[in-house]
Amino acid sequence: QVQLVESGGGLVQAGGSLRVACAASGRTFRVMAWFRQAPGKEREFVAAIKWSGGSTYYAESVKGRFTISRDTAMSTVYLQMNSLKPEDTAVYYCAARDGSNIVITPVGFGSWGQGTQVTVSS
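Residue numbers run consecutively from 1 along every chain, following the written order of its sequence. Given that the model is predicted, a residue must reach a pLDDT of at least 70 before its local features are reported, and side-chain atom pairs must reach 80 or more before they are shown or counted; all residues, however, enter totals for whole chains, interfaces and linings. Computation of side-chain values covers all heavy atoms of the structure but excludes hydrogens and water.

**Considerations on the sheet that holds strand β8 (residues 76-81)**
Consider a sheet: its strands pair through backbone hydrogen bonds, and that pairing is either parallel or antiparallel.
Next up, step 1: Pairing between two strands requires that DSSP report at least two bridges joining them. Runs of H or I in DSSP of at least four residues are treated as helices and runs of E of at least two as strands, each being numbered from the N terminus. Read from one edge of the open sheet, 4 strands run β1-β3-β8-β7, paired in antiparallel fashion. The sheet is open, and its two borders are formed by β1 (3-7) and β7 (66-71), each paired with just one other strand. For this sheet, the mean angle separating the axes of adjacent strands, direction not counted, is 15°.
Next up, step 2: Across 6 bridges, strand β3 (residues 18-25) lies against β8 in antiparallel orientation. The angle between two axes is taken between their N-to-C directions and runs from 0 to 180 degrees, where each axis is a line fitted to C-alpha atoms and a helix contributes only its stretch in contact.

See below:
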């Protein structure tokens, strides 16, 4: 059974940093990504990484502040978030897909974690 388990969320002041992690068990995927969803808003793409080769792609809103990476031995993907802003507050979800191309819409991902809350105070 495939499982994606997130960890590492929490509360941080604006300008601070957090790292969230997503451990995949049961199988590997070609692309893993992070999405986020704030209250009353649609789920939005944050960052993605290709498991083979490590190519990355970011939403404009986080480019230069967030870094996605993976540890192939641990089957874990990370999202390092720096210079956090109150508008980054959301539930962050890990997602995975079998296709080899990077897509930025939630419907393109078949496996999801349960989400981890990130709250940035002003």
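**Digging into the packing of aromatic side chains**
Next up, step 1: Each pair of aromatic rings taken from Phe, Tyr and Trp, with Trp reduced to its six-membered ring, is defined by centres within 6.5 Å and is described as stacked if the planes are under 30 degrees apart, edge-to-face if over 60, and tilted in the remaining cases. Considering all chains together, one arrives at 6 aromatic pairs under this definition.
Next up, step 2: Their ring planes at 65° and their centres at 6.3 Å tell us that F109 and W112 sit as a pair that is edge-to-face.
Next up, step 3: Here the guanidinium or amino end of R43 rests over the ring plane of Y93, the centre of that ring lying 3.7 Å away.
Next up, step 4: Charge-over-ring placement is defined geometrically: NZ (Lys) or CZ (Arg) within 6 Å of the ring centre, and within 35 degrees of the ring normal. Directly above the ring of F109 sits R97, whose terminal nitrogen or CZ lies 6.0 Å from the centroid.

**Re the state of the cysteines**
Next up, step 1: When two cysteine sulfur atoms lie within 2.5 Å, the pair is treated as a disulfide. One pass over the structure, following the stated rule, counts 1 disulfide.
Next up, step 2: Disulfide pairing places C22 opposite C94 at an S-S distance of 2.1 Å. Every disulfide takes its handedness from the sign of the S-S torsion; for C22 and C94 that torsion is -75°, giving left-handed. You can see C22 sitting in strand β3 and its partner C94 sitting in strand β9 (residues 90-97), a full 72 residues away along the chain.

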